[in-house]
Every structure is written in structure tokens, then in C-alpha cells.
Amino acid sequence: QVQLVESGGGLVQAGGSLRLSCAPSGRTFTTYIMGWFRQAPGKEREFVGFISWNGNTTYYAESVKGRFTISRENANDTTYLQMNSLKPEDTAIYYCAAGQWVTTNYRNYGIWGQGTQVTVSS
């Protein structure tokens, strides 16, 4: 059962930008926090950032702070990850996930999307 769907990934040059979307399917997530994670080949899943249920609080990993921005819209219950100044080391599959408490640990998020590939060329 698919409940979250990511989109917006692609191939960009270093220094470019992408905006990823995380849309609900079959239910709403208005009372959940939404987290973004990424996983590169041969590496563990890495925390990117999260946003609170009301959108008032965001928190980012040091590796993306100042370059990435998370937002969410009440009208369509969609969460966004705006990625600027992309670097080759940002290359990974990006996932969104829903949770009940603020945390950077992926194990505490119970609902996941299928992921979208982001590739940054040098």
C-alpha cells in the first residue's frame, strides 16, 4: 500500500537546484511530522531534515544546512524539499517519511515513500 509518493528527482549539474515533492496517497498527514532522508550506494540511510506538523519548526543535517529548505502546504498536504547549490555528494535516492515525534533516526518513521533519484554531476 503506497501512502507517500516522492517526485521531482533528476540529473543536475553541480551548483544547480531541484525541488522534490512528497504527496499523500489514500490518506492525510496533516498531524504528522515529515522527514526527508537519503541513501547513496554503499552507504547507510542519512537524515536530511524534518518539518513539524504545523510547519513552524524545521531542522536540518549539517551537511545540507543553508542549502536545503523543507516546507509544507496545508491545501494539498504536500511536503517539499528545495535543494539549492547542489554538490556531487548530494547524489542519492531521496525518501520522505511520516512520523509522530521529531527525530533524526529513520527507524522512528513508520510510513515511507518509494524514493526519487537525485544525481548531481561534477
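Reading the values: the criteria
- Residues numbered from 1 in each chain as written.
- Predicted model: local features only at pLDDT ≥ 70, side-chain atom pairs only at ≥ 80, totals over all residues.
- Heavy atoms only, no water.
- Helix = DSSP H or I, 4+ residues; strand = E, 2+ residues; numbered from the N terminus.
- Rg over C-alpha atoms; globule rule 2.2 N^0.38 Å.
- Buried < 20%, exposed > 50% of the residue type's maximum accessible area, 1.4 Å probe, protein only.
- Disulfide = S-S within 2.5 Å.
- Pairing = 2+ DSSP bridges.
- Axes fitted to C-alpha atoms, helices over the stretch in contact; angles between N-to-C directions.
- Salt bridge = Lys/Arg side-chain N within 4 Å of Asp/Glu carboxyl O.

A. Region of the structure containing the overall build of the protein chain. Per the secondary structure count, the protein chain includes zero helices and 11 strands. Taken over C-alpha atoms, the radius of gyration comes to 13 Å for the protein chain, in line with the 14 Å a tight globule of 122 residues would show. The dimensions of the protein chain, computed from C-alpha atoms along their principal axes, are 40 × 30 × 25 Å. Looking at the protein chain as a whole, 43% of its 122 residues qualify as buried.

B. Representation of the state of the cysteines within the structure. As enumerated under the stated definition, the model contains one disulfide in all. Paired by a disulfide, Cys-22 and Cys-96 hold their sulfur atoms 2.0 Å apart. One disulfide, between Cys-22 and Cys-96, carries an S-S torsion of 65° and so falls in the right-handed class. Placement of the pair is Cys-22 in strand β3 (residues 18-24) and Cys-96 in strand β9 (residues 92-99), with a sequence separation of 74 residues. Like Cys-22, the residue Cys-96 is buried in the burial classification.

C. Examining the sheet that holds strand β7 (residues 68-73) more closely. With antiparallel pairing, four strands are arranged side by side in an open sheet as β1-β3-β8-β7. The open sheet is flanked by β1 (4-7) and β7, the only strands paired with a single partner. Taken over all neighbouring pairs, the strand axes of this sheet differ in orientation by 15° on average, direction set aside. Pairing of β7 with strand β8 (residues 78-83) involves six bridges; the strand directions are antiparallel. What sits directly across from Ser-71, in β8, is Tyr-80.

D. Geometry of the pairing of β7. On β7, burial follows the alternation: Phe-68, Ile-70 and Arg-72 on one face are buried, whereas Thr-69, Ser-71 and Glu-73 on the facing-out side are not. Between β7 and β8, which follow one another and run antiparallel, lie four residues, and Asp-77 among them has a positive phi close to 55°.

E. Inspection of the pattern of salt bridges at higher detail. Inspection of the entire model under this criterion finds four salt bridges. In this structure, Arg-38 engages Asp-90 in a salt bridge whose closest nitrogen and oxygen atoms are separated by 2.9 Å. Here the residue Arg-38 occupies a position in strand β4 (residues 33-39), and Asp-90 occupies one in the loop between β8 and β9, the gap between them amounting to 52 residues. Its salt-bridge partner being Asp-90, residue Arg-67 comes within 2.8 Å of it at the nearest N-O pair. Taken together, the residues span a long stretch of sequence, with Arg-67 in the loop between β6 (58-60) and β7 and Asp-90 in the loop between β8 and β9 at a distance of 23 residues. Asp-90 carries the same exposure label as Arg-67, and that label is buried. When salt bridges with common partners are traced through the structure, they connect Arg-38, Glu-46, Arg-67 and Asp-90 into a single cluster.

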